[in-house]
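# Structural characterization, general
One letter stands for each residue in the lines below.
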Amino acid sequence: MYLPRQLISHLYLQLLRSHHPLSPPVLILVALEPDALCACRILTALLKRDYIPHKIQPVAGYGDLSRAGEDLVRPMQTTNGGSGGVVVCLGVGGLVDLSEILGLGGADDGEEEKEEEDMGGVEVWVFDARRPWNLANVFGGEPGQVLAEANVRALRRKTRGVENGCINVSYTTGNGGIVVYDDGDIEEEMGKEREAYCALLEMPEVDEEEEDDDDDGGSDGDVEPPSSTDSKKRKSWSREEDEDESEEEDGPPRQRRRSNSGSSIASSPTRARRRTAHDSSNSSRSVTPVSDSPSPAQQKQPSAQSLRRRLLRLKRKHETVLQQYYSSGTSYSEPISSLMYSLASELGREDNDLLWLAIVGVSSLELSGRTMSGVGISNASESGGLAGWGGERGERIRQILRDEVHRLNPPDPSERDRDIRGEIIGVIPTTAKSPTDKSIRLSPEPRFILVRHWSLYESMLHSPYLASRLHVWTENGKKRLHKLLAKMGISLSQCHQNYTHMDMELKRVLRQRLLKYAPMYGLDGLVPPEVSGHAASREGWGFVRCWGWKACLSATDIGVIVGAILEVGPEEVPGAWDSKRLPRPRRIQDGSSTEETDPDPSNLLPRFWTAYDALSLTSESPTLLLEALPLAQHLHRAILRTGTSLLSKHQIRHLRAFRIAVVKDGPDVKLFTNPGALTKLALWIAEAIRVQERDRGDTIKIGKRRATGTPLVLAGLDEDRGLYVVVGTGGGGGVVDFAALSRRREERKKKKEAKEKKRKEREVARAKRAAEHAARTEDGDEEASEESEEESSSESESESESEDEQDMRSNKHLLRNRFGIAFQEVVQETNTRVRIDSFEHCVVEVQKEDLGGFLEALSFRSVVG
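Given the structure is predicted, the values throughout are model-derived calculations rather than measurements. (Residues numbered from 1 in each chain as written. Predicted model: local features only at pLDDT ≥ 70, side-chain atom pairs only at ≥ 80, totals over all residues. Heavy atoms only, no water.)

### Re the overall build of the chain
For the chain, the count of helices and strands is 31 helices and 25 strands. Within the chain, the proportion of its 865 residues that are buried is 54%. Sequence separation of at least 24 residues holds for 78% of the intrachain contacts in the chain that already meet a minimum separation of 6. Split by element, the accessible area of the chain, about 38400 Å² in all, is 48% carbon and sulfur. (Helix = DSSP H or I, 4+ residues; strand = E, 2+ residues; numbered from the N terminus. Buried < 20%, exposed > 50% of the residue type's maximum accessible area, 1.4 Å probe, protein only. Contact = heavy atoms within 4.5 Å. Areas by Shrake-Rupley, 256 points an atom, 1.4 Å probe, with all protein chains shown as cover.)

### Some remarks on the sheet that holds strand E19 (residues 659–663)
Pairing is mixed in the open sheet, where 6 strands are placed in the order E18-E19-E22-E23-E25-E24. The open sheet has two free edges, formed respectively by strand E18 (653–654) and strand E24 (834–835), since each of these has just one partner strand. Of the pairings in the sheet, the one linking strand E23 (residues 723–729) to strand E25 (residues 843–847) comprises 5 bridges and is antiparallel in character. Each residue of the ladder has a partner; that of valine 727, found in E25, is valine 843. (Pairing = 2+ DSSP bridges.)

### Focus on the nonpolar core
By size, the foremost hydrophobic cluster in this structure holds 212 residues, and its most contacted members are Leu90 and Leu456. Not counting the four nearest positions on each side in its chain, leucine 456 is found in contact with Phe448, Val451, Leu485, Ile490, Cys495, Gln497, Tyr499, Met502 and Leu510. (Core = buried A, V, L, I, M, F, W, Y, C linked by side-chain atoms within 4.5 Å.)

### Description of the confidence of the model for the chain
Confidence along the chain averages 76 in pLDDT terms, with 69% of residues attaining 70 or more. The spread of mean pLDDT over the elements of the chain runs between strand E16 (residues 587–590), the lowest at 33, and strand E2 (residues 26–31), the highest at 96. The model gives residues 144–152 a pLDDT under 50, and that stretch makes 20 contacts with residues more than four places away or in other chains. (pLDDT = per-residue confidence, 0-100.)

### Thoughts on helix H23 (residues 555–567)
With 13 residues, H23 ought to run about 18 Å at 1.5 Å a step, and its terminal C-alpha atoms sit 18 Å apart, in line with that. Here H23 lies mainly inside the structure; 13 of its 13 residues are buried. (Expected span 1.5 Å × (residues − 1).)

### As for the packing of helix H2 (residues 34–49) against helix H14 (residues 336–346)
A pair of packed helices is characterised by two quantities: the angle between their axes and the separation of those axes. Look at H2 against H14: their axes get within 8 Å of each other, and the N-to-C directions meet at 15 degrees. It follows that H2 is roughly parallel to H14 by the angle criterion. Where H2 crosses over H14, the handedness of that crossing is left-handed. Contacts between H2 and H14 involve Asp35, Ala36, Cys38, Ala39, Ile42, Leu43 and Leu46 from the first element and Ile336, Ser337, Met340, Tyr341, Leu343 and Ala344 from the second. Looking at the contact of H2 with H14 residue by residue, the classes come out as 11 nonpolar, 1 polar and 1 charged. (Axes fitted to C-alpha atoms, helices over the stretch in contact; angles between N-to-C directions. Parallel < 35°, antiparallel > 145°, perpendicular 65-115°, else oblique. Left-handed = near helix turned anticlockwise from the far one by under 90°. Nonpolar A, V, L, I, M, F, W, Y, C, P; charged D, E, K, R; others polar.)

### Some words on the packing of aromatic side chains
Inspection of the entire model under this criterion finds 14 aromatic pairs. For the pair phenylalanine 608 and tyrosine 612, a centre-to-centre distance of 6.2 Å together with 20 degrees between the ring planes defines the contact as stacked. Here the residue phenylalanine 608 and the residue tyrosine 612 both occupy positions in helix H24 (residues 605–614), the gap between them amounting to 4 residues, near one helical turn. We classify phenylalanine 608 as buried; its relative accessible area is 0%. (Phe/Tyr/Trp six-rings, centres within 6.5 Å; stacked < 30°, edge-to-face > 60°.)

### Here's the deal with the sheet that holds strand E13 (residues 440–443)
Strand order in this open sheet of 3 strands is E13-E14-E15, and the pairing throughout is antiparallel. Where the open sheet ends on each side, the last strands, each with one partner, are E13 and strand E15 (552–554). Each adjacent strand pair in this sheet contributes to an overall mean axis angle of 30 degrees, direction not counted. As judged from the 4 bridges shared by E13 and strand E14 (residues 542–546), these two strands associate in the antiparallel manner. Following the sheet pairing, serine 443 is matched in E14 by glycine 542. Across the face of the sheet, helix H15 (residues 352–367) comes into contact with E13, E14 and E15 while running at roughly 135 degrees to E14. Strands in contact with H23 are E14 and E15; relative to E15, the strand with the most contacts, it is inclined by about 80 degrees.

### Quick notes on the side chain of threonine 729
Within the secondary structure layout, threonine 729 lies in strand E23. A relative accessible area of 0% means that threonine 729 is categorised as buried.

### What about the packing of H23 against helix H26 (residues 629–648)?
With their axes 8 Å apart at the nearest point, H23 and H26 run at an angle of 80 degrees to one another. As the angle between them shows, H23 and H26 are arranged roughly perpendicular. Residues Val560, Ile561, Ala564, Ile565 and Glu567 of H23 pack against Leu629, Leu631, Ala632, Leu635 and His636 of H26. Residues that form the contact of H23 with H26 fall into these classes: 8 nonpolar, 1 polar and 1 charged.

### Some remarks on unusual backbone geometry
Between arginine 131 and the following residue, proline 132, the backbone shows a cis peptide bond with an omega angle of 15 degrees. Note that proline 132 resides in the loop between strand E6 (130–131) and helix H5 (135–138). Phi is positive for leucine 450, which is not a glycine, with a value near 50 degrees. Considering the arrangement of structural elements, one finds leucine 450 in the loop between E13 and helix H18 (456–461). Despite not being glycine, histidine 471 shows a phi value in the positive range, around 55 degrees.

### Some points on the side chain of serine 455
Along the chain, serine 455 falls in the loop between E13 and H18. Given a relative accessible area of 7%, serine 455 falls into the buried group. Ignoring any residue separated from it by four or fewer positions in sequence, one finds serine 455 in contact with Cys495, His496, Gln497, Asn498 and Tyr499.

### So, the pairing of strand E5 (residues 122–127)
Counted residue by residue, E5 has 6 buried out of 6 residues, so it is predominantly covered. Across 6 bridges, the pairing between strand E4 (residues 85–90) and E5 is parallel. From the neighbouring strand, glycine 85 faces E5, where its bridge partner is valine 122. As paired elements, E5 and strand E9 (residues 177–181) share 4 bridges and run parallel to each other. Note that in E9 the partner of valine 124 across the bridge is isoleucine 178.

### What to know about the pattern of salt bridges
Two side chains bearing opposite charge may form a pair once their charged atoms approach each other closely. Per the stated rule, a full pass over the model turns up 37 salt bridges. Aspartate 64 is paired through a salt bridge with arginine 67; the nearest N and O atoms lie 2.2 Å apart. Of this pair, aspartate 64 and arginine 67 are both found in helix H3 (residues 62–73), 3 residues apart, which corresponds to roughly one turn of the helix. The buried category is assigned to aspartate 64, whose relative accessible area is 18%. (Salt bridge = Lys/Arg side-chain N within 4 Å of Asp/Glu carboxyl O.)

### Describing helix H31 (residues 851–858)
Within H31 the residues assigned to the buried category are Leu851, Phe854, Leu855, Ala857 and Leu858. Viewed end-on, H31 has its buried residues packed into an arc of 165 degrees, placing them on one side of the element. Along H31, exposed side chains directed more than 90 degrees from the buried face belong to Gly852 and Glu856. Buried residues belonging to H31 abut E19, strand E22 (712–718), E23, helix H30 (819–829), E24 and E25. (Arc of directions from axis to C-beta.)

### As for the pairing of E19
Counted residue by residue, E19 has 4 buried out of 5 residues, so it is predominantly covered. One ladder, built from 2 bridges, connects E18 with E19; its direction is antiparallel. Looking at the pairing, histidine 654 lines up with arginine 659 of E19. The turn joining E18 and E19, which pair antiparallel and follow one another in sequence, is formed by 4 residues. Two strands pair when backbone bridges link them, and E19 and E22 are joined in this way by 5 bridges, in the parallel orientation. Residue pairing across strands places alanine 661 opposite leucine 714, the latter belonging to E22.

### Considering the environment of isoleucine 336
In this fold, isoleucine 336 is placed in helix H14. With 207 residues separating them along the chain, isoleucine 336 and alanine 129 place their C-alpha atoms 6.1 Å apart. Aside from chain neighbours lying at most four places away, what touches isoleucine 336 is Asp35, Ala36, Ala39, Leu90, Gly91, Phe127, Asp128 and Ala129.

Here it is in structure tokens:
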């Protein structure tokens, strides 16, 4: 089921009304990423204000999610002695069937099948920005008895407040189920998928093998529709096929666990490709022949075989729609921290602290390469600032946040003129206005890294945007950086000082000089452009918050620091962290040798809780964030060193569909065994490659489209475990040219109106001819003529719809990241030992000996589309 955006507070208010002191605590499953952490902080703040107990459980991957289902979720079920409750998934489980991986709604192994299936009063709320959705969660996920008659089942769902998977105001909690929180995409863009899913769910069984036999030599008169007395109650498709799947699969348990259950209507991209057409349902159910509306001249009903053929064509058409949705590749939608702030706003609980968390979550999305085209580099707006990760929609979200900043942080009338002058000049704020100032302000943030906490030179040198365009991995590139600073009148001695200690006059004129000289070096988007009008409309501007005289941090700074805490850990920077705050991994002795290593790489709980504490709302000073600055600086120094080494030594090879690089030696090799750190390195290298290709005029062709930027596969060696961590990033092009798309839609609309007008004229002429020759036309000829006209009309309409849909998809989902699909195809067709456990499907772990065969098989796959 899914909850529309306009009813976002509906379930929370019901939870608030039904809560009592004996209610079980709300279980919150949180992914280890900054956006999910910020959303968790917002949700826990709401729960604390309403005195609702809750428990937080970090989840690192699908293995942890399955264990959490076994240890924490299933004991909550009333069928297992619990009292039900609510489970909130933040950045977790949007791509898989949660009823299967959490162990909800199914009978235990060895038990008899139950006629009535429920989820034991456990209701799962899903907040996830990853796409594509698993449609079993979106349009299914509803508990209760599954009846044989489709109209009765639809009536029961409608009376419960659920219609075709959509929750309305009459829905009440208590029975359990899976509820996906819609950010607007489901309601606005998934109408075809919803129609196809619901139609397949209500569709009776069709035996395609029998249909093939009939095509070979059968006759219409030999087949009769089944009697209605043979109807039986059946289980849901997903559970029945899941039992078959568990008996047939012989892959590794973890891989089977994360595969989605169900037929093609409820499966993930993996299951949708593997299932054959005749396995779409295993149930026994009556078929009630219902013919299309017959013409007045038609006298006899279609035969059972004709009805079955129509049903089979319709079934294949709906399955194709779902297959296209699943196979389009991964992408990212609205950040869940923004969605959680919308919930707080609907409840009237918004304040500066919650707004700041939402801003940090949104700002962190681009840092980790999560774009509209999945994990990869985006065609960031050259106008400057942070505009880029979501195109028009991303900028609309940031504009809402800017409006909220001005609403919750009104300027002091006595300081209004000074603030306006400061914003026009564009000085980057580094201090608060007063010792008690904790307000949020807009800032013309340049595309530098940690500029307030580093020297200007180091900040510019480690900026991925600037480094890729100046080629700083070469000596000539560093000379261009020095020339840029010289043109701006900043000496090397000044730019090597900490930015806060630089000459005040240089800091005042920095933005104006960057606007003047940066375009000479192809850095048009280095800083936001000059705009007039109120500051609330300043596109591309960032956000800054101060804690009195103690600290001043931008939202991007916090995103970088929190990401480094989760990805690096204190063991990589000896002496740079207080050992009392985050314990180091224990020492393991093996014979005479000792080494300090993490016994379980997925056990990142200490890092999670440190990052969670660093985002504390009650702290008077961001002490933990400031103490973690060395981690962030160490990570970005390592990215620059390793990326420079790979590029300067020409260690990046070009295969058929992508480029490949391997990190297997050097001082920072252990650092890049973490998927997050490896992804940031891959994005740095991919950005550099894209700029090189653009300068040379190289393009790649995807169908009828051409785009700059080749997809990149980066592998990092983990010698301790004897495997490679592999990440695949898209080559860019994920942000849509909405202006061109709007023009194309207008043209398509005009063409469609013209075609519709011609079609109506032909229908009128056809009706006149039919009336004139009705007396002379035999019934059979008339019936055949009408059927052929109906078929041609439906074919033309379907062609028009498919062309429209294909055009829309090819623009909206431009060059999506399909590495997750390609990885799973290689696993199914080869004997390589691969572990897929990350929520990011473009990240896998491959055994050291199998990397060559894995990459060879991957090179023949489509990795973007």
